[in-house]
Amino acid sequence: MTKTAHDFAKASAKALGDRQSRAILHKAIGHIRVLRQRSVNAMPDFAERQARAVAVRDKTLAKLPELLEKLEASVTAAGGRVHYAETAETAAKLVAGILAERGVRLVVKGKSMVSEEMGLNEVLEAAGIEAVETDLGEYIIQLAGQRPSHILAPALHVSKEQVSDLFARKFGRTSTDIPEMTRIARDSLRQKFLAADAGITGCNIAIAETGTVTVLENEGNIRLSGSCPPIHIALMTLEKVVETLADAAVVLDILPPAATGQTLPVHLSFFTGARREGERDGPREMHLVILDNGRSDILADPKLRSILRCIRCGACLNVCPVYQSVGGHAYGTVYPGPMGSVISPLLKDNPGDPRQPFACTHCAACSEACPAGIDHPALLQELRRRVSETETDLPVAAFNLLARHPLLFGGAAAVGRLFDPKLREVAAVAPDAPVGRFLRCREFPGLARPFSRRFKALARRLKRLQGGRA
Ligand code: SF4
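Residues numbered from 1 in each chain as written. Predicted model: local features only at pLDDT ≥ 70, side-chain atom pairs only at ≥ 80, totals over all residues. Heavy atoms only, no water.

The name given to the protein chain in an unreviewed UniProt entry is Lactate utilization protein, with Solidesulfovibrio carbinolicus as the source organism.

Pasting the structure below:
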């Protein structure tokens, strides 16, 4: 596992201090949760639909290599080309290479967390290619020079007023009326769609039997990105494939309700290959880039593979008390929240802080909300166990030693009881010392009298009670 410099604990502490962003986040997430609940309530058979989707995801994972081969054959037959990339870095270079070879200077992009995983925008910029995000949330984030904070709603942490200020700075036009703000963004983006040499999209589901890339969206920017420019590049991670159109329909049945509370999104696009003989529109070239970045290893790992069932609905983020408190940026990875805490440490490039799985309260709200039936707490527990095996945690190591030696344990506990009443004072004097940090947000119950001593008194009391009854 590649270690990165990101420190989740420090980033979280900073995020917790940002009251304004937390308030914006709470309001936005509250709204999404109400929509989702309304939509799930309107489907009395949601549990059965969910069970069908889980079965499809498991069937897919069980025959993934075979399905990927089938997908490649179907895409090729439809006039497209499939490229496999083992790491995020190679994938980004591959895409930049395709574009550079064709002299592309302007790209319109959208709906792709995979491109974030690849760090694609930076690689394209270094190659002299302008990449414009076209999803409104992603566009706002790009203009602000930030990263998405949510896998579905990238600008969830930004208020309407902040967007208005941003547009005033960037376009010299402003408003806090949302339709007007959307018009401002649209006026700028429309020119880009018409001028772009290539369009890059993500992929919600790839259908092996037809070679179709399916994308859900509400703004129409993906349909334009995939059909206006002469080149379309779709990006997916390898687990996104399903076998048949019928299987795709089963997943589509639960994805919009779980994600945004919609029965169906406004636009549901099916891209199959390149423009055919006699067709008047569509891209002349279509490429499908399939990224691995550690997912083959996850697939081969029976204890963790269920995370690959994920359909990226974002529901687990919206109910997670940790995500709701610190927001997406604190994670320092592309995928935040419960699903991110499981998958990010397993990725080859940009795995984030390996201790991220420890930032979980085990409330299990995520597994309850997950339409793919993923048991995040169990997976996080397994990741913690693996981290603990490779790292020496001094307090835990000390406890292990004491627990194996009763005499030592008794002595250490006696010393601990001497200092116990002073701990709060130590915490006040040295708030950044380990004891200070530990007590900053905890009520320490204090070290009780050892059970061996309490046992004698309890035994005497029990005897008295039994004697009284007789
Ligand atoms: S883990 Fe489950 S709830 Fe979270 S994004 Fe994936 S499918 Fe949705």
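Having put the structure on the table, let's press on.
## Some remarks on the overall build of the protein chain
Looking only at helices and strands, the protein chain features 23 helices and 10 strands. In terms of overall dimensions, the protein chain has a C-alpha envelope of 100 × 50 × 45 Å along the principal axes. Looking at the protein chain residue by residue over its 470 residues, the buried ones come to 47%. Partitioning the intrachain contacts of the protein chain with sequence separation of at least 6 by distance along the chain shows that 74% fall at a separation of at least 24. Looking at the protein chain as shown, the accessible area adds up to about 23500 Å², and 57% of this sits on carbon and sulfur atoms. (Helix = DSSP H or I, 4+ residues; strand = E, 2+ residues; numbered from the N terminus. Buried < 20%, exposed > 50% of the residue type's maximum accessible area, 1.4 Å probe, protein only. Contact = heavy atoms within 4.5 Å. Areas by Shrake-Rupley, 256 points an atom, 1.4 Å probe, with all protein chains shown as cover.)

## Some remarks on the domain arrangement of the protein chain
The assigned domain composition of the protein chain is domain 1 (45-297) and domain 2 (394-466). Placing the centre of domain 1 and that of domain 2 at their C-alpha centroids yields a distance of 55 Å. (Domains from an automatic or database assignment.)

## Observations concerning helix α12 (residues 245-260)
Compared with the 22 Å implied by 1.5 Å per residue over 16 residues, the 22 Å span of α12 between its first and last C-alpha is a close match. Within α12, burial applies to Asp247, Ala248, Val250, Val251, Leu252, Ile254, Leu255, Pro256, Pro257, Ala258 and Ala259. Where α12 ends, the next residue or the one after it, glycine 261, has phi of about 75°, a positive value. (Expected span 1.5 Å × (residues − 1).)

## Some details on the site of the ligand
Inspection of the region around the ligand gives 13 residues, with Cys310, Cys313, Cys316, Cys370 and His376 positioned closest. Of the pockets mapped on this structure, the ligand occupies the second largest cavity. The residue makeup of the shell around the ligand, split by class, is 10 nonpolar, 2 polar and 1 charged. (Near = heavy atom within 4 Å. 1 Å grid on protein atoms, 1.4 Å probe; cavity = no way out; pocket = protein on both sides within 12 Å on 5 of 7 lines; lining within 4 Å. Sits in = over half its atoms within 2 Å of the grid points. Nonpolar A, V, L, I, M, F, W, Y, C, P; charged D, E, K, R; others polar.)

## Regarding the pairing of strand β4 (residues 198-201)
The side-chain alternation of β4 yields two buried faces, one formed by Ala198 and Ile200 and the other by Gly199 and Thr201. Sheet analysis places strand β2 (residues 106-110) next to β4, joined by 4 bridges and oriented parallel. If you follow glycine 110 over to β4, its bridge partner there is threonine 201. Strand direction decides the pairing type here: β4 and strand β7 (residues 231-237), joined by 4 bridges, are parallel. Following the sheet pairing, threonine 201 is matched in β7 by alanine 234. (Pairing = 2+ DSSP bridges.)

## What to know about the pattern of salt bridges
In the structure shown here, the tally under the stated rule is 27 salt bridges. Arginine 49 is paired through a salt bridge with aspartate 45; the nearest N and O atoms lie 3.0 Å apart. Here lysine 59 ties to glutamate 243 by a salt bridge, and the two come within 3.7 Å at their closest N and O atoms. Of this pair, lysine 59 sits in helix α3 (residues 46-62) while glutamate 243 sits in the loop between β8 (241-242) and α12, placing them 184 residues apart in sequence. Under the relative-accessibility criterion, glutamate 243 is labelled buried at 13%. (Salt bridge = Lys/Arg side-chain N within 4 Å of Asp/Glu carboxyl O.)

## Digging into the sheet that holds strand β10 (residues 285-291)
The 6 strands are arranged β1-β10-β7-β4-β2-β3 in an open sheet whose pairing can be described as parallel. In this open sheet, the two strands that pair with only one neighbour each are β1 (80-85) and β3 (130-133). Taking each pair of neighbouring strands and ignoring which way they run, the sheet shows an average axis angle of 20°. (Axes fitted to C-alpha atoms, helices over the stretch in contact; angles between N-to-C directions.)

## Some remarks on a positive patch on the surface
A cluster of like positive charges, contributed by Arg449, Arg453, Arg454, Lys456, Arg460, Arg461 and Arg464, occupies part of the molecular surface. Structurally, arginine 454 can be placed in helix α23 (residues 451-469). Look at arginine 454 and you get partly exposed, because its relative accessible area is 36%. (Patch = residues over 30% accessible without salt bridge, like charges linked within 9 Å, V, L, I, M, F, W, Y side chains within 5 Å. Lys, Arg positive; Asp, Glu negative; His and termini not counted. Charge placed at Lys NZ, Arg CZ, Asp CG, Glu CD.)

## Describing empty space enclosed by the protein
Under the criterion given, the structure shown has 4 cavities of 30 Å³ or more. For the largest cavity, the lining is made up of 16 residues, of which Cys320, Pro338, Ala359, Cys360 and Thr361 are closest to its centre. Sorting the residues of the lining of the largest cavity by element identifies α15 (321-326), α16 (337-343) and α17 (365-369) as the ones contributing at least two each. No other element matches α16, which puts 3 residues into the lining of the largest cavity. For the lining of the largest cavity, a count of residues per class yields 12 nonpolar, 4 polar and no charged. Taken as a whole, the second largest cavity encloses approximately 90 Å³ of empty space. Around the second largest cavity, the lining comprises 14 residues; the ones closest to its centre are Cys310, Cys313, Cys316, Met339 and Cys370. The residue makeup of the lining of the second largest cavity, split by class, is 11 nonpolar, 2 polar and 1 charged. (Points joined across faces, edges and corners; volume = space filled by probe spheres on them.)

## A few points about the pairing of β7
With 7 of 7 residues buried, β7 is to be regarded as a mostly interior element. Side chains of β7 alternate between two faces, with Ile231, Ile233, Leu235 and Thr237 and His232, Ala234 and Met236 buried alike. Here β7 runs beside β10; their pairing, made up of 7 bridges, is parallel. Residue pairing in the sheet places leucine 235 in a bridge with valine 289 of β10.

## So, the environment of glutamine 146
Of note, glutamine 146 is situated in the loop between α8 (136-144) and α9 (160-171). Judged by relative accessible area, which is 37%, glutamine 146 ranks as partly exposed. A C-alpha to C-alpha distance of 38 Å links glutamine 146 and arginine 52, two positions 94 residues apart in sequence. The residues contacting glutamine 146, other than those within four sequence positions of it, are Ile141, His157 and His329. At a separation of 2.6 Å, a polar atom in the side chain of glutamine 146 contacts the side chain of histidine 157. (Polar contact = N/O pair within 3.5 Å; in protein donor to acceptor, adjacent residues only side chain to side chain.)

## Quick look at the sheet that holds strand β6 (residues 212-217)
For sheets, the rule is that strands pair by backbone hydrogen bonds, running either parallel or antiparallel. With respect to topology, 4 strands assemble into an open sheet ordered β8-β5-β6-β9, the strand pairing being mixed. The open sheet terminates on both sides in strands that have one partner only, identified here as β8 and β9 (267-272). Pairing of β6 with β9, which is carried by 6 bridges, proceeds in the antiparallel orientation. Counterpart to threonine 214 in the pairing with β9 is phenylalanine 270.

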